[in-house]
Amino acid sequence: MPVNQLIKTILSNRYVLLLTTLTAYLLVVVAEGAITGREARLLDFENPFFDLNIGDFEEFQTTRSGEDPEVM
Amino acid sequence: MVVNQFGQFGALLKREIIENRNLFISTPALLAVIFFVFSIWVVSFVPSAEIATGIEYLSVLFDGLSPLQMAPVFLLPAVPFIVTLYICAIIYLINSLYQDRKDASVLFWQSMPVSNLQTVISKVVTICAIAPVFYVAILFVLHLLAVAMLVALGLTYNVQVAGLGYMFMASVLSLLLIYLSAITTALWSLPSIGWLLLFSAFARKTPILWAVGVFILLGFLEDFVFGSQYLANWVESRSNPQQYMFFEFTDVVERLFSYDMLFGVVVGSILISGAISMRRFID
């Protein structure tokens with residue numbers, strides 16, 4: 001059976017198994033990223049106590065550099 | 001048969017707790033002692049009149065308010081404990097399967113009637129659900145001591161302390177919030193848990209270097225070879241604490257059943273499956 005042979009090959013040594021696991025991990029992550037058009041969302045952190053938006057910080061920097069060239 | 005398997009799994013969980021009691025019990029206990037002694041040291045510098053005013057203010061602040069609404073206030077003092085839990089979790093996960101092979105105890109455990117699946121799942125359950133219990137229990141003792149100290153100080157300075165009961169109820173509810181938050185964070189971090197377990201089972205030496213090195217290498221390779229950044233985007237899109245932390249009980253269901261959470265569980269399962277299969281290779 002080719003499937004049994006494949007499983008036997010994958011489990012033959014630790015390097016092949018690691019490579020197979022990482023390949024499966026990459027395939028799933030990349031396929032999902034491509035399908036959903038995933039983008040980084042690191043910058044917003046809103047909660048009832050304070051708001052943190054690092055995106056605004058970049059905007060703030062741009063504004064500052066526009067107003068005061070000496071800063072940047 | 002099912003009862004027997006639960007018994008075996010319970011024994012595996014007990015083993016994890018006994019073998020790692022320094023990470024799960026001693027570390028938070030030591031932190032709590034430091035926290036308590038530091039608080040007493042700070043209070044010893046405050047004048048008596050200000051202590052009385054402070055206790056009265058606390059009592060009035062919490063008096064009559066819903067403990068559910070006030071519970072998030074107690075999340076701030078818990079931050080050092082949560083950070084310590086994360087650090088201990090990383091140390092535990094990266095060493096758990098590696099240490100078994102290093103000291104050859106894996107041979108003993110593989111001779112027992114427990115499968116590799118049960119062993120690895122017991123480690124995941126330990127870090128997701130059992131370890132936070134100890135941290136929360138120690139925080140509960142700390143809250144109890146703090147309230148006892150405030151009541152004693154209140155009685156000493158003849159201050160009304162009725163509102164401290166509400167404060168204690170709010171602090172107890174905050175512990176439930178912290179526990180649920182720890183479980184949600186662990187489920188959210190399942191890919192990271194799987195990643196660390198995979199390299200803990202794989203590496204012959206320095207598993208932490210393997211785990212970090214391969215992670216960075218894959219990101220660079222994707223960028224250089226394919227010119228895409230799906231991996232980096234995936235990691236960055238899951239790095240926002242707002243996606244797994246919550247400050248209100250009503251957010252629990254929303255966090256647990258979000259698409260990103262479920263997809264993370266799927267990816268984590270792939271890596272954990274790899275770790276389970278990897279455990280068959282003994283040095």
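Cut-offs and rules
- Residues numbered from 1 in each chain as written.
- Chains lettered and ligands numbered in written order.
- Predicted model: local features only at pLDDT ≥ 70, side-chain atom pairs only at ≥ 80, totals over all residues.
- Heavy atoms only, no water.
- Helix = DSSP H or I, 4+ residues; strand = E, 2+ residues; numbered from the N terminus.
- Buried < 20%, exposed > 50% of the residue type's maximum accessible area, 1.4 Å probe, protein only.
- pLDDT = per-residue confidence, 0-100.
- Core = buried A, V, L, I, M, F, W, Y, C linked by side-chain atoms within 4.5 Å.
- Contact = heavy atoms within 4.5 Å.
- Disulfide = S-S within 2.5 Å.
- Buried area = accessible area lost by both parts, 1.4 Å probe.
- Salt bridge = Lys/Arg side-chain N within 4 Å of Asp/Glu carboxyl O.
- Polar contact = N/O pair within 3.5 Å; in protein donor to acceptor, adjacent residues only side chain to side chain.
- Nonpolar A, V, L, I, M, F, W, Y, C, P; charged D, E, K, R; others polar.

(A) Looking closely at the overall build of chain A. Summing up its helical and strand segments, chain A has three helices and two strands in all. Overall, chain A shows an N-to-C arrangement of helices and strands of α-α-β-β-α. For chain A, the residues scored as buried account for 17% of the 72 residues in total.

(B) Fine view of the confidence of the model for chain A. Of all residues in chain A, 54% attain a pLDDT of 70 or more, and the chain-wide mean is 73. Per-element averaging of pLDDT across chain A places helix α3 (residues 54–67) of chain A at the bottom with 52 and helix α2 (residues 14–36) of chain A at the top with 92.

(C) Structural view of the environment of F202 of chain B. All names here are of chain B. Note that F202 resides in helix α9 (residues 190–202). Its relative accessible area of 2% is what places F202 among the buried residues. On a C-alpha basis, the gap between F202 and F226 in space is 27 Å, while along the polypeptide they are 24 residues apart.

(D) Broad picture of the nonpolar core. Counting 58 residues, the largest nonpolar core has I127, W195 and F199 of chain B as the members making the most contacts within it. With residues near it in sequence (within four places) discarded, W195 of chain B still touches L22 and Y25 of chain A together with A211, V214, F215, L218 and L271 of chain B. Counting 14 residues, the second-largest nonpolar core is a separate cluster that includes F62, F74, V147 and A170 of chain B.

(E) Highlighting the state of the cysteines. Residue and element names in this part refer to chain B. This structure, assessed with the given rule, holds zero disulfides over all chains. In this structure C88 is a free cysteine whose sulfur lies 15 Å from that of C128, the closest cysteine sulfur available. The class of C128 is buried, set by a relative accessible area of 9%.

(F) Local environment of the interface of chain B and chain A. Chain B puts 38 residues into the contact, and the matching count from chain A is 30 residues. A buried area of about 3200 Å², summed over both sides, lies between chain B and chain A, and 71% of it is on carbon and sulfur atoms. Inspection of the region where chain B meets chain A yields zero salt bridges. Across the chain B-chain A interface, the total number found is three residue pairs in polar contact (both at pLDDT 80 or more). Within the residue set of the side of chain B that touches chain A, elements represented by two or more residues are α9, α10 (207–226), α11 (230–237) and α13 (259–278) of chain B. Sort the elements by how many residues they give to the side of chain B that touches chain A and α13 of chain B lands first, with nine residues. Here the residues of the side of chain B that touches chain A sort into 22 nonpolar, eight polar and eight charged.

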